[in-house]
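# What the coordinates show
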Amino acid sequence: MAKDDNGSPMLWPFELQRKRVIWILGLSTLFIGFYMQFASHSVAILPLNLSGIYNRDNSESRSKSTSSGPSPSNSGALGLEGSLPLSTNGTSVGSTLFPPCSMNFSEYTPCQDPRRARKFTKKMLEYRQRHCPAKDELLLCLIPAPPNYKTPFKWPESRDHAWYANIPHKGLSIKKAAQNWIQVEGDRFRFPGGGTMFPHGADSYIDNINDLIPLTSGKIRTAIDTGCGVASWGAYLMDRDILTMSFAPRDGHEAQVQFALERGVPAMIGVLATERMPYPARSFDMAHCSRCLIPWYDHDGLYLLEVDRILRPGGYWILSGPPINWKEHWRGWERTQEDLKEEQDAIEALAKRLCWTKVVEKGDLAIWQKPINHIECIRNKDVDRRLDICKNHDADSAWYRKLDACITPLPEVTVPDEIAGGAMEKWPARALAVPPRIRSGSLSGITQEKFQEDNEQWKQWMMHYKSAIPSLSQGQIRNIMDMNAHLGGFAAALHKDPVWVMNVVPADLEVDTLGVIYERGFIGTYQDWCEAFSTYPRTYDLIHAAGLFSIYQDRCDVTYILLEVDRILRPKGTVIFRDVDDILTKIQNITNRMRWQSQILNHENHSLGPEKILVAVKSYWTGAAMK
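Fair warning: this is a prediction, and the values are worked out from it, not measured in the lab.

### Points about the overall build of the chain
Helices and strands together make up the secondary structure of the chain, namely 22 helices and 20 strands. Here the chain holds 627 residues, and the buried ones make up 58% of them. Counting contacts in the chain only where the partners sit at least 6 residues apart, residues at least 24 apart contribute 73% of the total.

### Some remarks on the environment of Trp-596
Checked against the element boundaries, Trp-596 lands in the loop between α22 (581–593) and β19 (597–602). Sequence spacing of Trp-596 and Asp-566 is 30 residues, and the spatial spacing of their C-alpha atoms is 9.1 Å.

### Side note on empty space enclosed by the protein
Here the structure, examined in full by the defined rule, presents 10 cavities of 30 Å³ or more. Considering only enclosed or pocket space, the largest cavity measures out at about 240 Å³ in volume. What lines the largest cavity is a set of 21 residues, among which Arg-130, Gly-270, Glu-275, Arg-276 and Pro-278 lie closest to the centre. Of all the secondary-structure elements, those providing two or more residues to the lining of the largest cavity are β9 (267–269) and β16 (523–527). Of the residues forming the lining of the largest cavity, the biggest block, 3 residues, is contributed by β16. Each residue belonging to the lining of the largest cavity can be placed in one class, and the counts come to 11 nonpolar, 6 polar and 4 charged.

### A look at the packing of aromatic side chains
Two aromatic rings, taken as a pair, are described by how far apart their centres are and by the angle between their planes. In the structure shown here, the tally under the stated rule is 22 aromatic pairs. Aromatic pair Trp-529 and Phe-533: ring centres 5.8 Å apart, planes at 15°, arrangement stacked. Among the residues examined, Trp-529 registers a relative accessible area of 2% and is labelled buried. With relative accessibility at 1%, the residue Phe-533 sits in the buried group. Ring pairing ties together the aromatic residues Tyr-164, Phe-189, Phe-191 and Phe-259, which thus form one cluster.

### Focus on the packing of helix α21 (residues 558–568) against α22
The interhelical angle for the contact between α21 and α22, taken along N-to-C directions, is 55°, at an axis separation of 10 Å. Classified by the angle between their axes, α21 and α22 sit oblique to one another. The chirality of how α21 crosses α22 is right-handed. Between α21, through Val-558, Thr-559 and Leu-562, and α22, the contact on the second element is made entirely by Ile-587, Ile-590 and Thr-591. Its residues placed into classes, the contact of α21 with α22 shows 4 nonpolar, 2 polar and no charged.

### Notes on the nonpolar core
Ranked by size, the top nonpolar core spans 140 residues in total, and within it Tyr-279, Met-286, Trp-296, Trp-317, Met-481, Met-483 and Phe-577 carry the most contacts. One finds Trp-181, Ile-182, Phe-189 and Ala-255 within the second-largest nonpolar core, a separate group that totals 9 residues.

### Remarks on the pattern of salt bridges
One pass over the structure, following the stated rule, counts 29 salt bridges. For Asp-187, the salt bridge identified is with Arg-188, shortest N-O distance 3.4 Å. Exposure remark for Asp-187: the relative accessible area of 39% places this residue in the partly exposed category. The class of Arg-188 is partly exposed, set by a relative accessible area of 24%. Measuring nitrogen to oxygen at the nearest pair gives 3.4 Å for the salt bridge that ties Arg-401 to Asp-404.

### Digging into the pairing of strand β10 (residues 284–290)
Of all 7 residues in β10, 7 are buried; the element is thus mostly enclosed. Across 3 bridges, strand β7 (residues 222–226) lies against β10 in parallel orientation. Paired with Ala-223 across the bridge in β10 is Met-286. Looking at chain direction, β10 and strand β11 (residues 311–320) are connected through 6 bridges and run parallel. If you follow Ala-287 over to β11, its bridge partner there is Trp-317. Viewed along the sheet, the connection from β10 through helix α10 (residues 302–310) into β11 turns out right-handed.

### Section: helix α16 (residues 448–468)
Between its first and last C-alpha, α16 extends 30 Å over 21 residues, near the 30 Å set by a 1.5 Å rise per residue. Every buried residue of α16 is accounted for by Phe-451, Asp-454, Asn-455, Gln-457, Trp-458, Trp-461, Met-462, His-464, Tyr-465 and Ala-468.

### Brief notes about the sheet that holds strand β12 (residues 357–362)
Reading across from one edge, β9-β8-β7-β10-β11-β13-β12 is the order of the 7 strands in this open sheet, with mixed pairing throughout. In this open sheet, the two strands that pair with only one neighbour each are β9 and β12. Each adjacent strand pair in this sheet contributes to an overall mean axis angle of 20°, direction not counted. Across the face of the sheet, helix α7 (residues 202–210) comes into contact with β10, β11 and β13 (365–369) while running at roughly 45° to β13. Taken strand by strand, helix α12 (residues 337–353) contacts β11, β12 and β13, and its axis lies near 150° from that of β12.

### Remarks on the sheet that holds strand β5 (residues 183–185)
What links the strands of a sheet is backbone hydrogen bonding, and the strands pair in either a parallel or an antiparallel sense. Taken in spatial order, the 3 strands make up an open sheet running β4-β6-β5, and their pairing is antiparallel. Only two strands of the sheet have a single partner each, and these edge strands are β4 (161–163) and β5. Put simply, the sheet's adjacent strands are angled 30° from each other on average, direction ignored. Pairing analysis gives 3 bridges linking β4 to strand β6 (residues 188–190), with the strands arranged antiparallel. Counterpart to Trp-163 in the pairing with β6 is Arg-188.

Reading the values: the criteria
Residues numbered from 1 in each chain as written. Predicted model: local features only at pLDDT ≥ 70, side-chain atom pairs only at ≥ 80, totals over all residues. Heavy atoms only, no water. Helix = DSSP H or I, 4+ residues; strand = E, 2+ residues; numbered from the N terminus. Buried < 20%, exposed > 50% of the residue type's maximum accessible area, 1.4 Å probe, protein only. Contact = heavy atoms within 4.5 Å. 1 Å grid on protein atoms, 1.4 Å probe; cavity = no way out; pocket = protein on both sides within 12 Å on 5 of 7 lines; lining within 4 Å. Points joined across faces, edges and corners; volume = space filled by probe spheres on them. Nonpolar A, V, L, I, M, F, W, Y, C, P; charged D, E, K, R; others polar. Phe/Tyr/Trp six-rings, centres within 6.5 Å; stacked < 30°, edge-to-face > 60°. Axes fitted to C-alpha atoms, helices over the stretch in contact; angles between N-to-C directions. Parallel < 35°, antiparallel > 145°, perpendicular 65-115°, else oblique. Left-handed = near helix turned anticlockwise from the far one by under 90°. Core = buried A, V, L, I, M, F, W, Y, C linked by side-chain atoms within 4.5 Å. Salt bridge = Lys/Arg side-chain N within 4 Å of Asp/Glu carboxyl O. Pairing = 2+ DSSP bridges. Right-handed = clockwise from strand over helix to strand, strands pointing away. Expected span 1.5 Å × (residues − 1).

Here it is in structure tokens:
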């Protein structure tokens with residue numbers, strides 16, 4: 001990724017402590033003495049009593065909190081049994097509480113706002129890409145939850161059920177009734193696991209894929225589903241230890257991505273249009289399109305070239321729906337046989353020019369495989385009219401980067417059977433094994449030794465996090481975001497737990513680590529936190545950020561970053577910020593105005609360094625019903 005010369009340098013917490021040690025040693029004897037005395041009497045993070053503000057039964061708070069404006073639920077102090085907080089919550093005198101936004105903004109997605117999208121052309125779906133509000137359009141208010149909002153079902157029950165009050169849209173249950181996507185049953189939705197191309201359910205459909213390529217050997221771990229619907233494919237792949245990034249635009253089928261996240265399934269708002277998807281090269285072991293209606297053969301094959309960029313060497317592309325098995329389905333698709341045959345021939349030819357091999361076509365499924373390197377592709381370029389391989393190409397650059405009409409080059413190899421970029425361990429060993437990008441020394445300053453040190457550090461951090469936040473160990477948390485994921489240590493420390501983590505790497509950092517995270521078997525995205533994230537409101541249970549605000553304090557107003565965190569965090573959701581204490585104090589002053597309940601705590605090692613931890617819980621409140 002390109003470096004932002006105007007921004008602050010990346011400061012990971014370990015560097016933060018080292019860079020500030022001179023400042024610490026220069027403090028007055030009295031100040032140092034105070035800290036030494038405090039450290040000698042304080043203890044590590046002990047269990048944080050969230051029972052009064054983060055419980056599963058919202059019935060009482062719902063009846064008291066539904067109003068025209070925010071009404072904090074359980075406003076008692078955030079308990080910390082046996083510890084000594086450095087700062088406690090409480091709205092300071094003279095501070096102004098952020099008001100609630102209008103209920104019109106209850107499902108506001110700032111960078112995918114349909115009103116703003118109308119200003120852009122429909123050519124290549126440009127209008128459905130990210131188009132973020134200008135600075136003078138940013139909201140200084142809190143996005144309200146709908147009336148009668150309830151805490152989502154726990155996983156795995158959430159895979160099959162969601163509360164109607166949380167996403168009050170029946171459109172899909174009507175439009176897709178025959179395809180069994182979603183059904184309304186009283187006060188809840190039920191997700192039978194159906195889909196346009198898998199009427200017998202996602203489980204049966206995935207079993208059919210497993211008959212053609214091995215899904216349970218540990219070789220396939222990360223997948224992407226373009227045009228994901230309500231993400232049933234990704235939901236049922238979790239039973240096979242495959243983690244899927246479900247990807248769909250905000251379009252006429254209301255709230256597809258919102259339904260996916262409500263179910264506890266990874267998803268993002270996004271579209272294949274004129275720009276790259278926000279993932280590094282060689283990210284996914286498998287890509288999937290089930291009647292996603294993407295014109296793969298149009299625009300010089302740009303969309304399939306983008307799939308090729310993000311597919312790992314030896315990765316699979318699975319296509320079902322038009323034009324596959326057109327001889328059987330052409331009447332139902334209301335297209336001519338000639339038209340469908342021409343479309344399939346075009347896709348077959350394009351895949352061959354990409355150097356892909358067709359593995360199998362059986363029934364409604366067709367599967368292609370990307371080569372493990374480009375030796376043969378380069379050798380046979382002129383013979384088979386293969387596409388050009390890009391020159392001077394930053395393969396990982398993917399934040400507002402236009403699509404390229406050439407094949408993304410793979411790392412060079414010396415022999416035909418060598419895997420470009422390096423071989424990886426099977427899952428789950430992959431989670432803690434040294435990733436190929438680090439083994440090769442391609443990331444400046446990140447050695448194998450530092451990677452192992454990071455893993456050990458995260459064992460300690462996670463032990464204390466679970467002690468501080470009981471809900472993290474009690475199955476009450478499912479959707480997690482790490483806003484500054486670094487090497488993915490947070491996700492790795494939780495890889496045996498029934499949670500998933502959206503690992504976010506801030507765009508334009510000097511060292512891009514998102515490829516490492518994918519090589520570990522996790523998923524994530526690039527993001528500039530001066531803009532909104534591509535998701536619906538209330539889609540994450542827990543949000544973690546280490547050193548993030550040290551990066552962004554000179555780039556943009558952190559007030560808007562915190563309002564964005566409030567937008568995407570579920571009511572009674574938890575936040576953990578690690579940063580230097582002066583920045584956390586500023587953050588807490590803002591979150592007080594958002595009605596969060598919070599404490600700033602010493603970190604695990606009780607050192608005299610400036611790093612501290614802020615733990616906060618978002619209050620429960622809802623907006624008034626529209627009249």
